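# Observations on the model geometry
Residue-level listing of the chains:
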Amino acid sequence: ATDNNYVPFEFIDQGTDELVGLDIDLINAIAEEAGFDIEIEQMEFSGIVSAIPSGRFDIGIAGMTITEERKENIDFSQPYYDAGLILAVLEGSEEEISSIDDVDGKTVATRVGSTSEAYLEENTDANIEAFPEITEAYQSVLTGRADAVLYDKPNVEYYAETEGGGEIVTVGDLLQGEQYGIAFPKGSELRDEVDEAIDNLKESGEFDEIYNKWFGGSE
């Protein structure tokens, strides 16, 4: 089971109308490495979280954060992606803003109602400029109306690598660090097989190839 609305992990390619993303490439590589066949079913993320414990699906991969609450009903693979919030600035201004400690008094763009907005409110004295869509926040930095943008690391990195054209760069440490894992029903024997496959993919370099394809740099 997977979602289809979380760039760049799983989303519909507008040009081909096909499901693509890091998670899709990864699960296919894992299946080939482990020697089992998979059939991918798309559904809303919340449905995946509730369906995995019931055994309706053997595997769930959807940029799912490993949490203590979820671990009560779900077994997770080893973490395969470090998520969280990351700050980004216009290339060339890294010396002025090199971390979240430098944003007090600066204008920082983000998305309305996001964990990033809450983080800025609770931990900084920045002038917060929150937009309905995160792409508007990136544009605010590109046009010089905002000094920085704070949002989810995978989305920031993907935008910086693609639409940002290299003009936006990330700075500072990962904030509110979280990790993504592949989900299984409790007691699933597949978990050990998948963990072994991930280890083999990392050792062979294929894991880095998949990561680089979507983010342009290795973890």
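Residues numbered from 1 in each chain as written. Predicted model: local features only at pLDDT ≥ 70, side-chain atom pairs only at ≥ 80, totals over all residues. Heavy atoms only, no water.

Our next topic: the packing of aromatic side chains. Here the structure, examined in full by the defined rule, presents 12 aromatic pairs. Taking the centre distance of 5.9 Å and the plane angle of 85 degrees together, the rings of Phe11 and Trp214 count as edge-to-face. You can see Phe11 sitting in strand 2 (residues 10-12) and its partner Trp214 sitting in helix 8 (residues 206-215), a full 203 residues away along the chain. Accessibility classification places Phe11 together with Trp214 in one group, the buried group. Judged by centre distance (5.5 Å) and plane angle (25 degrees), the ring pair of Tyr81 and Tyr180 falls under stacked. With Tyr81 in strand 5 (residues 81-90) and Tyr180 in strand 9 (residues 168-180), the pair connects residues that are 99 residues apart, well separated along the chain. (Phe/Tyr/Trp six-rings, centres within 6.5 Å; stacked < 30°, edge-to-face > 60°. Helix = DSSP H or I, 4+ residues; strand = E, 2+ residues; numbered from the N terminus. Buried < 20%, exposed > 50% of the residue type's maximum accessible area, 1.4 Å probe, protein only.)

This next bit is on unusual backbone geometry. For residues besides glycine, phi is generally negative; the peptide bonds are generally trans as well. A cis geometry characterises the amide bond from Val7 onward to Pro8, with omega recorded as 0 degrees. Mapping Pro8 onto the fold places it in the loop between strand 1 (5-6) and strand 2. Here the phi dihedral of Asp17 falls at roughly 65 degrees; this positive angle occurs in a residue that is not glycine. Mapped onto the elements, Asp17 comes out in the loop between strand 2 and strand 3 (19-20). For Gln176, which is not glycine, the phi torsion reads 50 degrees and is therefore positive. Assignment of secondary structure puts Gln176 in strand 9. The partly exposed category is assigned to Gln176, whose relative accessible area is 42%.

We now examine the packing of helix 1 (residues 22-34) against helix 8. Between two packed helices, both the angle of their axes relative to each other and the distance between the axes serve to describe the pair. Contact geometry of helix 1 with helix 8 gives a least axis separation of 9 Å together with a crossing angle of 165 degrees. When the axis of helix 1 is compared with that of helix 8, the two are roughly antiparallel. Helix 1 and helix 8 meet at a crossing whose hand is right-handed. The segment helix 1 lies against helix 8, with Leu22, Asp25, Leu26 and Ala29 engaging Glu206, Phe207, Ile210, Tyr211, Lys213, Trp214 and Phe215. (Axes fitted to C-alpha atoms, helices over the stretch in contact; angles between N-to-C directions. Parallel < 35°, antiparallel > 145°, perpendicular 65-115°, else oblique. Left-handed = near helix turned anticlockwise from the far one by under 90°. Contact = heavy atoms within 4.5 Å.)

Using the criterion set out here, one finds six salt bridges in the structure. The shortest N-O distance in the salt bridge between Arg56 and Glu41 comes to 3.4 Å. Here Arg56 is found in the loop between helix 2 (45-51) and helix 3 (68-71), whereas its partner Glu41 is found in the loop between helix 1 and helix 2, with 15 residues between them in sequence. When its relative accessible area of 55% is taken as the criterion, Arg56 is described as exposed. Between Asp75 and Lys186 there is a salt bridge; the shortest N-O distance is 3.2 Å. Of this pair, Asp75 sits in strand 4 (residues 74-76) while Lys186 sits in the loop between strand 10 (183-185) and helix 7 (190-204), placing them 111 residues apart in sequence. (Salt bridge = Lys/Arg side-chain N within 4 Å of Asp/Glu carboxyl O.)

From the geometry alone we can't say anything about function, so treat these as descriptive.
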